[in-house]
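# Structural overview
Chain by chain, the residues run as shown.
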Amino acid sequence: MQPSSDVRRLIEIMAALRDPVAGCPWDVEQTFASIAPFTIEEAYEVADAVERGSTEDLREELGDLLLQVVFHARMAEEAGLFDFGGVVEAITAKLVRRHPHVFGDARALGPDAVRALWGRIKAEEKRAKSESRESPGQAPSSALDGVPLALPALMRAMKLQEKAGKVGFDWNDVRAVLEKIREEVVEVEAEIGAGSAQSLSAEVGDLLFATVNLARHLKVDPEAALRGANAKFERRFAHIEHRLAERGQTPEGASLDEMESLWVEAKAKEQPAMVKSQPASASAVAQAKSKSGQ
C-alpha cells in the first residue's frame with residue numbers, strides 16, 4: 001500500500017493490520033482497554049507540539065492521534081458496533097446540533113450568548129441520554145456525571161468543580177478560595193506531625209484540589225500552568241547543571257547553597273528587572289522564592 005492523503009487509505013491500512021491471518025500480531029491482539037492509554041498519550045503529544053510551536057511535529061502528532069480514532073473504530077466495526085463512518089456521522093451531527101447560530105435560526109449571537117446556548121444544548125443532550133439509559137432501581141443521575149475517570153487528575157478536578165458551580169455549589173469570592181488553601185496547608189502541617197501516611201496523602205489531595213479551584217476562579221488552566229512550571233523548572237535546573245559543569249562539578253557533588261545560588265542566577269537571567277542579585281544562602285533564596293511565588 002502507498003501513502004495517501006485519502007482517509008480511506010488509512011482505514012484500509014488499519015484493516016490490514018488487524019487482519020487475523022496476514023495482519024500485525026501486536027495490532028491484532030489489542031483491545032479498547034489496551035489502546036486507550038496510547039490514545040491519551042497521543043493527545044498529550046499533540047499538546048506538547050503546540051506548546052513548542054513545532055508545526056511539523058504537530059502534523060505528525062495529529063496523524064498519530066487520528067490513527068487512534070481509526071484503531072478504535074476498526075475494533076468497533078469488527079465487533080459489529082459501529083465503524084469510522086459512524087464516528088464521523090456522530091460528530092458532524094453534534095456540531096450541527098450545537099451550533100444553531102451557524103447552521104440554524106439562532107443568528108447574530110455574541111460569544112457569551114453562544115457559550116450559554118452551548119451549555120443549554122449540552123444539558124438537554126445529557127438529560128435525554130440519562131433518561132434513555134435509566135432503568136427501575138437505578139441511582140438517579142448526578143450533576144457531576146459525565147466527567148471521565150481517565151482524565152488527568154488536575155483536569156478532572158477542574159471539570160468536577162465547574163459542574164458543581166453550575167448548580168450553585170461554589171465560592172463567590174476568590175479570596176474565600178485563598179482562605180481555603182491556607183486552611184488546607186494548616187491541615188497538611190498537622191498531619192506531618194501526626195505521621196499518618198494515609199491521612200497526609202488525603203490532606204495533600206485536598207490542598208491540590210483547592211489549588212485547582214483557585215486556578216479556575218482566576219481563569220487559569222491548571223494543566224497548562226503546571227506544564228509551564230515544569231518547563232521553567234527544567235530550564236533553570238539545566239542552567240544549574242551547565243554552570244556546575246563549567247566548574248568541573250556535578251549536582252551530586254555540589255552543596256545545596258551552591259545550587260540555590262545558581263537557581264537564583266538562572267531566575268535573574270529570565271527576570272533581570274525583578275531579580276538583580278541574591279545572596280547564596282538557602283534561607284535568603286527561600287525568602288526570595290516565597291515573595292515571588294516560586
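In what follows, the accompanying structure is described. Numbers given for residues are sequential positions, taken from 1 along each chain in its written order. Note on the predicted model: pLDDT of at least 70 is required for a residue's local features to be given, and 80 or more for side-chain atom pairs to be given and counted; whole-chain, interface and lining totals, by contrast, use all residues. Hydrogens and waters are ignored; side-chain quantities use all the structure's heavy atoms.

Below, the discussion takes up unusual backbone geometry. In this structure, Lys-219 is a non-glycine residue whose phi angle is positive, near 60 degrees. For the purposes of this entry, the term helix denotes a DSSP run of H or I that reaches at least four residues, the term strand denotes a run of E that reaches at least two, and both are numbered from the N terminus. Within the element layout of this structure, Lys-219 appears in the loop between helix H10 (197-217) and helix H11 (222-246). Using a 1.4 Å probe on the protein chains alone, a residue whose accessible area is under 20% of its type maximum counts as buried, one over 50% counts as exposed, and one in between counts as partly exposed. The exposure class of Lys-219 is exposed, given its relative accessible area of 78%.

With that out of the way, let us pick up the side chain of Asn-213. Here Asn-213 shows up in helix H10. A residue is classified by how much of its surface remains accessible, and Asn-213, at 9% relative accessible area, is buried. Contacts are assigned to residue pairs that have any heavy atoms within 4.5 Å of one another. For Asn-213, the contacting residues outside a window of four places in its chain are Gln-161, Asp-170, Trp-171 and Val-177.

Quick look at the packing of helix H9 (residues 174-194) against H10 now. An axis is simply a line fitted to the C-alpha atoms; with a helix, the fit covers only the stretch in contact. Between two such axes, the angle follows the N-to-C directions and lies from 0 to 180 degrees. Close contact between H9 and H10 brings their axes to 9 Å; oriented N to C, the two are set at 165 degrees. On the basis of the axis angle, H9 is roughly antiparallel to H10. For the element pair H9 and H10, the recorded crossing hand is left-handed. Residues Val-174, Val-177, Leu-178, Lys-180, Ile-181, Glu-184, Val-185, Glu-187, Val-188, Glu-191 and Ile-192 of H9 form the contact with H10, whose own contacting residues are Ser-199, Leu-200, Glu-203, Val-204, Asp-206, Leu-207, Ala-210, Thr-211, Asn-213, Leu-214 and His-217. Of the residues assigned to the contact of H9 with H10, the class counts are twelve nonpolar, four polar and six charged. Angle categories: roughly parallel below 35 degrees, roughly antiparallel above 145, roughly perpendicular from 65 to 115, and oblique for all the rest. The handedness criterion is simple: a crossing whose near helix is rotated anticlockwise from the far helix by less than a right angle is left-handed, and one whose near helix is rotated clockwise is right-handed. Polar here means any residue outside two lists: the nonpolar Ala, Val, Leu, Ile, Met, Phe, Trp, Tyr, Cys and Pro, and the charged Asp, Glu, Lys and Arg; Gly therefore counts as polar.

Quantified by volume, the second largest pocket comes out at close to 370 Å³. Cavity and pocket criteria rest on a 1 Å grid covering protein atoms alone: a 1.4 Å probe that fits but cannot get out defines a cavity, protein on both sides within 12 Å along at least 5 of 7 lines defines an open pocket, and an atom within 4 Å of a point defines a lining residue. If you go around the second largest pocket, the residues you meet are Leu-154, Leu-208, Thr-211, Val-212, Leu-214, Ala-215, Leu-218, Val-220, Pro-222, Ala-225, Leu-226 and Ala-229. In terms of residues, the lining of the second largest pocket owes the most to one element, H10, which gives five residues. Grid points are joined across faces, edges and corners, and a volume is the space filled by probe spheres set on the points.

Our next topic: the pattern of salt bridges. Whenever a carboxyl oxygen of Asp or Glu lies within 4 Å of a side-chain nitrogen of Lys or Arg, that contact is scored as a salt bridge. Here the structure, examined in full by the defined rule, presents 21 salt bridges. Of the charged contacts, one joins Glu-78 and Arg-74 as a salt bridge, the two residues approaching to 3.2 Å between their closest N and O atoms. Within this pair, Glu-78 and its partner Arg-74 are both found in helix H4 (residues 55-78), separated by four residues, close to a single helical turn. By relative accessible area, Glu-78 is classed as partly exposed at 37%. Judged by relative accessible area, Arg-74 falls into the partly exposed class, the value being 22%. What emerges from the salt-bridge pattern is a single network uniting Arg-18, Arg-74, Glu-77 and Glu-78.

In this section: H9. Here a helix's expected span is defined as the number of its residues, less one, multiplied by 1.5 Å. Between its first and last C-alpha, H9 extends 31 Å over 21 residues, near the 30 Å set by a 1.5 Å rise per residue. For H9, every residue scored as buried is listed here: Val-177, Ile-181, Glu-184, Val-188 and Glu-191. All buried residues of H9 lie within an arc of 80 degrees about the axis, which places them on one face of the element. Exposed positions of H9 whose direction lies more than 90 degrees from the buried face are Arg-175, Glu-189 and Gly-193. Polar contact is defined as a pair of N or O atoms within 3.5 Å, subject to the rule that within protein one atom must be able to donate a hydrogen and the other to accept it, and that residues adjacent in sequence are counted only when both atoms are side-chain atoms. By the N-cap criterion, in which a side-chain oxygen at the helix start approaches the backbone nitrogen of a residue two or three places on, H9 is capped by Asp-173, the distance to Arg-175 being 2.9 Å. Looking one or two places after H9, you find Gly-195, whose phi comes out positive at around 80 degrees. In this context, the arc is that of the directions from the helix axis out to the C-beta atoms.

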